[in-house]
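Report on the structure
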Amino acid sequence: MRVVFMGTPEFAVPSLQALADAGHEVALVFTRPDAVRGRGKKLVASPVKQKALELGIPVFETTRMTDEAKVAIAKAAPDVMCVVAYGCILPDDVLAMAPLGAVNVHASLLPRWRGAAPIQRSILAGDAETGVSIMRVAHDLDAGAWCAQVSVPVGEKGCMELTAELADAGAKALVDVLPRLSDGTVEWHEQDPAGVTLAAKVRKEEMRLDPAGTAAANALRVQASSDTAPARLVVAGKGVRAMTARVTDEAQIAAGVIEVQKKHVYLGCADGTLELTAVKPDGKKEMPAAAWASGLRGDLTWSRAE
């Protein structure tokens, strides 16, 4: 099958690789332009662009569907367009350019968690499971009918681990769906409007640990933490990123207090205790919480980062 692929982040890379491995002809890859990333402030290609170049596939970089972009799609003459976290709205005339339409790999069990941050929202909500959906790209945000879903337990997986697992599951599901899309045997399921929840982009301030919050809520913030929206707190006037943590009943600590007991670092929350197990102090590398806490002195308190 001849494919135009559209994607940008690391989440989309397994799908692109799976299409190539399955023998589909990926004629053109669309991705967002090189962007400044990291402390070096250098322009860096998107993960999808890097993979496409590795596979020898032509790349078209754009943030919107210009006339030039539409011409490129027409010349590529795709049977189908596969979209995975591209970050660009596709107008109706673009969706009509492939005979089999456009299908999207979305990281949730639709209709739950439509929108930009389904994985983090699933974790923050304490969902027992999430998954991926293969859906038609529709005019409204993530509103298209779906034809395949794969469930994945959330458990205690961090955001990065869960994202990688869902990316692999979505890649397999996408490749499994395409033959049925081609021969017309695929079954489409309209989304139930009553089950719709929205996964708005996670704001940094939402991820601040708070001594006035519950231990469970703070633990979910750590679990959902990412480089763009990290779980942070302030200890002795200094900023710290919480990398891993867990709710514990091994110590009873007053809210806003830190205690170090036998190489365990405990944070008092409103209703219980959170144990920090790994941290990244501002300006330093990630380290075990016990190693970091060995340098703390005096009566210690913690607070919400600004």
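Look up: the structure comes first, before these words.
A brief structural summary. (Residues numbered from 1 in each chain as written. Predicted model: local features only at pLDDT ≥ 70, side-chain atom pairs only at ≥ 80, totals over all residues. Heavy atoms only, no water.)

Points about the side chain of Glu275
Mapped onto the elements of the fold, Glu275 is located in strand β16 (residues 273-281). Among the residues examined, Glu275 registers a relative accessible area of 4% and is labelled buried. One polar contact links Glu275 to His264, side chain to side chain, over a distance of 2.6 Å. For Glu275, the contacting residues outside a window of four places in its chain are Thr244, Ala245, Arg246, Thr248, Glu250, His264, Val265 and Tyr266. (Helix = DSSP H or I, 4+ residues; strand = E, 2+ residues; numbered from the N terminus. Buried < 20%, exposed > 50% of the residue type's maximum accessible area, 1.4 Å probe, protein only. Polar contact = N/O pair within 3.5 Å; in protein donor to acceptor, adjacent residues only side chain to side chain. Contact = heavy atoms within 4.5 Å.)

Section: the sheet that holds strand β7 (residues 102-106)
Spatially, seven strands are ordered β5-β2-β1-β6-β7-β9-β10 in an open sheet, and the strand pairing comes out mixed. Each edge of the sheet is formed by a strand with only one pairing partner; in this case those strands are β5 (59-61) and β10 (146-153). Each neighbouring strand pair of the sheet contributes to a mean axis angle of 20°, computed without reference to strand direction. Across three bridges, strand β2 (residues 25-31) lies against β5 in parallel orientation. Paired with Val29 across the strands is Val59, a residue of β5. With respect to the sheet, helix α1 (residues 13-21) is in contact with β1 (2-7), β2, β6 (80-84) and β7, its orientation differing from that of β1 by roughly 170°. (Pairing = 2+ DSSP bridges. Axes fitted to C-alpha atoms, helices over the stretch in contact; angles between N-to-C directions.)

Some remarks on helix α3 (residues 67-76)
Taken together, the buried positions of α3 are occupied by Ala69, Ala72, Ile73 and Ala76. All buried residues of α3 project into a common sector of 100° when viewed along the axis, lining one side. Residues of α3 that are exposed and angled more than 90 degrees away from the buried face: Asp67, Glu68 and Lys75. On its buried side, α3 packs onto β1, β2, β5, β6 and α4 (92-95). The positive-phi residue at the C-terminal boundary of α3 is Ala77, with phi of around 50°. (Arc of directions from axis to C-beta.)

Quick notes on the nonpolar core
Grouped together as the largest cluster of nonpolar side chains are 45 residues, with contacts concentrated most on Phe5, Leu19, Cys82 and Ile134. With twelve residues, the single largest contributor to this core is helix α6 (residues 159-183). With residues near it in sequence (within four places) discarded, Leu19 still touches Val3, Phe5, His24, Val26, Cys82, Leu174, Val175 and Leu178. In terms of nonpolar packing, the next biggest core, distinct from the first, is built from 22 residues, Ala215, Leu233, Val235 and Trp302 among them. (Core = buried A, V, L, I, M, F, W, Y, C linked by side-chain atoms within 4.5 Å.)

Observations regarding the pairing of β7
For a regular strand, side-chain orientation follows a simple rule: the groups alternate between the two sheet faces. Counting buried residues in β7 gives five out of five residues, a clear majority hidden from the surface. Of the two faces of β7, the one carrying Ala102, Asn104 and His106 and the one carrying Val103 and Val105 are both buried. Note: β7 against strand β9 (residues 129-136), four bridges, orientation antiparallel. Directly across from Asn104, in β9, lies its bridge partner Met135.

Regarding the packing of aromatic side chains
Scanning the model with the defined rule gives one aromatic pair in all. Directly above the aromatic system of Trp188 lies the positively charged group of Arg136, at a separation of 4.1 Å from the ring centroid. (Phe/Tyr/Trp six-rings, centres within 6.5 Å; stacked < 30°, edge-to-face > 60°. Lys NZ or Arg CZ within 6 Å of the ring centre and 35° of its normal.)

Let's talk about the pattern of salt bridges
Summed over all chains, the structure comprises 15 salt bridges. As a salt-bridge pair, Arg203 and Glu206 come within 3.6 Å of each other at their nearest N and O atoms. Judged by its relative accessible area of 45%, Arg203 falls in the partly exposed class. Between Asp227 and Arg241 there is a salt bridge whose closest N-O contact spans 3.0 Å. One end of the pair, Asp227, is in the loop between α7 (215-223) and β12 (232-235); the other, Arg241, is in strand β13 (residues 238-248), with 14 residues separating them in the sequence. A residue is classified by how much of its surface remains accessible, and Arg241, at 13% relative accessible area, is buried. Each of Arg121, Arg203, Glu205 and Glu206 takes part in one network of salt bridges that share partners. (Salt bridge = Lys/Arg side-chain N within 4 Å of Asp/Glu carboxyl O.)

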